[in-house]
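Observations on the three-dimensional arrangement
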Amino acid sequence: MNSHQLFRRSRTRLALWYALVMGGILSLSGFGMYRSLVQSNWAAMEREMESIAGTLHDSLEPMLPASEDPTTVLRRILPELCLAGQSCNASPTLIQRHTTGISDRSTYYIRLFNHRGNLLAFSPNQPVALPQTFISAPWQTFRSGNGDRYHQFTIILHSSESHHTAPQSSPHASWGYLQIGRTLESFDAEVKRMQWILVIGFPIALGLVAASSWWLSGLAMQPIYQSYQQQQQFTANAAHELRSPLASLLATVEAILRLPPSNNQQEIPMMLHTVERQGRRLSHLIADLLFLTSLEQHSSPKPLQPCCLNDLVSDLTEEFLELSTTSGIHLTSQIPDGEIYVLGHESQLYRLVSNLLANAIQYTPAEGYVIVSLEAHDHTAAITVKDTGIGIAPSEQTRIFERFYRVDSDRSRKTGGTGLGLAIAQAIAQKHHAHLRVESQLERGSIFTLEMAFSSSGTQKIG
Ligand code: ADP
């Protein structure tokens, strides 16, 4: 499987997982919301019914007669109700009176039963298909023959006289029952509307989730893909860099082996020098590669130590003095009196500044100047390596920190450069949370600046 297929497959898998997880969360929350809406509507409806029933109960109870045949009394106190077994032509003003404020008054009906469960009276708008048998459960939901659903609440009525006269244990302690019910048509319509919203909205939301998952997984894969490509490029570059000195080394060895024995004495030492040079170059390159790899492995065995930058700059200036003198370059340093400490790995910081100095000397023609200076402002220490050398074109300035990138490969190779010097410097700077930048003008020179925060535990005494 090639890398392209591998990344595509990983992206698809990631998108599927995203979609699955987000779809799951969406379904759960959608269903939860639907359930809670249905339940809160149901609870609101039951509260309303209870409150109407309570109002009716409180109005009726004081007027109820103790008699078991309440026909005449009922007719007097509830003229709006139809009496069971008699013709019904009452207008539903009772409902209207007690359900004031309810939007749809015709929704509710009332039924009155005696304590034996026989129907005494009912409101004219009661559904035709209501069960005639009395069920004493407080809440009931039933479906009429034509498919309409009804919900009904039953409350016990006590007459004021029966309260006082009936013994506590008597089964006739209650006068009867008041039932208030309503059609569930509007409630069911609302539930259906919510179900439709779910049925239509859910696939749309899932489609959006799938599309956004694909896009998100693409975003998530991008840095991995880029890093993979960089690694591939790095491997290819490293192989290329290793191949050239190795090929030259092998060619020299072969030439030595082919030399006639008579020539051995004059030419062999010279050729062995070439072998040694190429061998050193290879070893240098491998050491640089290993160092870069170790920098990238974040765990560092050694803890950060306070490093004195004054000592670091003066030691390096001293070390490079001989090389600069041989190259005919004036190397000077500017170091403040007060010591500046930063937290870091001294050997790595040493390597960083040494790479900058080596480059400055390498890319500055004879009679040029290289100045290395150390400064401190606003909790930041800055080491600047300035040269009056060949400079770097603006288009190259961002690329010189890439691994194996050389502005002028031939020149750089001739001077022994591996193209890893600035990549190593940048990696060290990043590891120390420092900032390495370049300002340069072709034929005028370059300035490399390393900025890093002071050590909190170090001392700073700038004179
Ligand atoms: P090398 O080992 O080839 O010097 P580096 O990573 O150190 O590799 O530098 C990358 C490239 O940046 C070099 O090939 C060189 O062209 C350019 N460069 C670095 N420092 C300087 C400088 N001070 N002046 C001019 N060019 C520079």
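One can find the structure itself at the top, above this paragraph.
First things first, this report covers the structure right here in the doc. What you are looking at is a predicted structure, and each value in this text was computed from that prediction instead of being measured.

Each helix and strand counted, the protein chain has eleven helices and 13 strands in total. A total of 463 residues make up the protein chain; the buried ones form 40% of that total. Of the contacts formed within the protein chain by residues at least 6 apart in sequence, a portion of 70% connects residues at least 24 apart. Of the roughly 26500 Å² of accessible surface on the protein chain, 57% is carried by carbon and sulfur atoms.

What follows is about unusual backbone geometry. Of note, Glu 367 is a non-glycine position whose phi angle comes to about 75°, a positive value. Note on placement: Glu 367 falls in the loop between helix H8 (346–362) and strand S10 (369–377). Positive phi values are uncommon outside glycine, yet Glu 443 reaches one of about 65°. Positionally, Glu 443 belongs in the loop between strand S12 (435–441) and strand S13 (445–453).

Position of Glu 319 relative to the elements: it lies in helix H7 (residues 309–327). In this structure the C-alpha to C-alpha distance between Glu 319 and Ser 354, which are 35 residues apart in sequence, comes to 9.2 Å. A polar contact is formed between the side chain of Glu 319 and the side chain of Tyr 350, at a distance of 2.6 Å.

Quick look at the pairing of S10 now. In this structure, strand S8 (residues 330–334) lies alongside S10, joined through five bridges in parallel fashion. By the bridge assignment, Ser 333 is partnered in S10 with Val 372. Across eight bridges, S10 lies against strand S11 (residues 380–387) in antiparallel orientation. Within S11, the residue paired with Ile 371 across the bridge is Lys 386. Joining the antiparallel neighbours S10 and S11 is a turn of two residues, in which Asp 378 adopts a positive phi near 40°.

This paragraph deals with the pairing of S13. Two faces make up the sheet, and in a regular strand the side chains alternate between them. Where S11 lies against S13, eight bridges are found, and the strand directions are antiparallel. Within the sheet, the bridge partner assigned to Ala 382 lies in S13 and is Glu 451. Where S12 lies against S13, seven bridges are found, and the strand directions are antiparallel. In the sheet register, Arg 437 faces S13, and the bridge partner there is Thr 449. The antiparallel pairing of S12 with S13 creates a hairpin that spans three residues between the two strands, and Glu 443 there sits at a positive phi of about 65°.

We now examine the packing of H8 against helix H11 (residues 421–431). For any two helices packed against each other, the geometry comes down to the angle between their axes and how far apart the axes lie. Between H8 and H11, the shortest axis-to-axis distance is 9 Å and the interhelical angle comes to 145°. For the crossing formed where H8 meets H11, the hand is left-handed. Across from Gln 348, Leu 349, Arg 351, Leu 352, Asn 355, Leu 356 and Asn 359 in H8, the residues of H11 making contact are Gly 421, Leu 422, Ile 424, Ala 425, Ile 428, Ala 429 and Lys 431. Here the contact of H8 with H11 is composed, by residue class, of eight nonpolar, four polar and two charged.

The geometry of an aromatic ring pair comes down to the distance between the two centres and the angle between the two planes. Inspection of the entire model under this criterion finds eleven aromatic pairs. Residues Trp 42 and Phe 187 carry aromatic rings whose centres are separated by 5.1 Å and whose planes lie at 65° to one another, so their mutual orientation is edge-to-face. Pair noted here: Trp 42 is in helix H1 (residues 3–60) and Phe 187 is in helix H5 (residues 185–258), with a separation of 145 residues, a long-range link. Ring plane angle 70° and centroid distance 6.3 Å describe the contact between Tyr 109 and Tyr 150, whose orientation is recorded as edge-to-face.

What follows is about a nonpolar patch on the surface. There is a patch of nonpolar side chains on the surface, built from Trp 196, Val 199, Ile 200, Ile 204 and Leu 208 and spanning about 550 Å² of accessible area. For Trp 196, the location among the structural elements is in helix H5.

As summarised here, the arrangement of the six strands in space is S1-S3-S2-S6-S5-S4, forming an open sheet in which the pairing is antiparallel. Each having just a single partner strand, strand S1 (82–83) and strand S4 (139–143) make up the two edges of the open sheet. Pairing between strand S2 (residues 108–114) and strand S6 (residues 176–183): seven bridges, direction antiparallel. Within S6, the residue paired with Tyr 109 across the bridge is Gly 181.

Moving on, we get to the packing of H1 against H5. One can describe the packing of H1 onto H5 by two numbers: an axis separation of 7 Å at closest approach and a directional angle of 155°. As summarised for this structure, H1 and H5 are arranged roughly antiparallel, according to the angle between their axes. Note on packing geometry: the crossing formed by H1 with H5 is right-handed. Residue classes in the contact of H1 with H5 are distributed as 29 nonpolar, 13 polar and three charged.

Once that is clear, we can look at the side chain of Arg 182. Note on placement: Arg 182 falls in strand S6. Within the buried set, Arg 182 has no salt-bridge partner at all; the shortest N-O distance to an opposite charge, 4.2 Å, is to Glu 48. Side-chain polar atoms of Arg 182 contact the side chain of Ser 186, separated by 3.1 Å.

If you look at the biggest cluster of nonpolar residues, it comprises 49 residues, and the most contacted ones within it are Leu 357, Val 370, Ile 383, Ile 400, Phe 448 and Leu 450. By residue number, the principal contributor to this core is H8, which donates seven residues. Formed by 26 residues, the second largest nonpolar core is a distinct cluster that contains Leu 56, Ile 110, Leu 112 and Ile 180.

Attention now goes to the sheet that holds S8. With mixed pairing, the five strands of this open sheet are ordered in space as S8-S10-S11-S13-S12. What marks the edges here is a single partner per strand, and that holds for S8 and S12. The mean angle between the axes of side-by-side strands here comes to 15°, regardless of whether they run parallel or antiparallel. Along the sheet, H7 contacts S8, S10 and S11; its crossing angle with S8, the most-contacted strand, is approximately 170°.

Reading the values: the criteria
- Residues numbered from 1 in each chain as written.
- Predicted model: local features only at pLDDT ≥ 70, side-chain atom pairs only at ≥ 80, totals over all residues.
- Heavy atoms only, no water.
- Helix = DSSP H or I, 4+ residues; strand = E, 2+ residues; numbered from the N terminus.
- Buried < 20%, exposed > 50% of the residue type's maximum accessible area, 1.4 Å probe, protein only.
- Contact = heavy atoms within 4.5 Å.
- Areas by Shrake-Rupley, 256 points an atom, 1.4 Å probe, with all protein chains shown as cover.
- Polar contact = N/O pair within 3.5 Å; in protein donor to acceptor, adjacent residues only side chain to side chain.
- Pairing = 2+ DSSP bridges.
- Axes fitted to C-alpha atoms, helices over the stretch in contact; angles between N-to-C directions.
- Left-handed = near helix turned anticlockwise from the far one by under 90°.
- Nonpolar A, V, L, I, M, F, W, Y, C, P; charged D, E, K, R; others polar.
- Phe/Tyr/Trp six-rings, centres within 6.5 Å; stacked < 30°, edge-to-face > 60°.
- Patch = residues over 30% accessible without salt bridge, like charges linked within 9 Å, V, L, I, M, F, W, Y side chains within 5 Å.
- Salt bridge = Lys/Arg side-chain N within 4 Å of Asp/Glu carboxyl O.
- Parallel < 35°, antiparallel > 145°, perpendicular 65-115°, else oblique.
- Lys, Arg positive; Asp, Glu negative; His and termini not counted.
- Core = buried A, V, L, I, M, F, W, Y, C linked by side-chain atoms within 4.5 Å.

In short, geometric facts, not functional conclusions.
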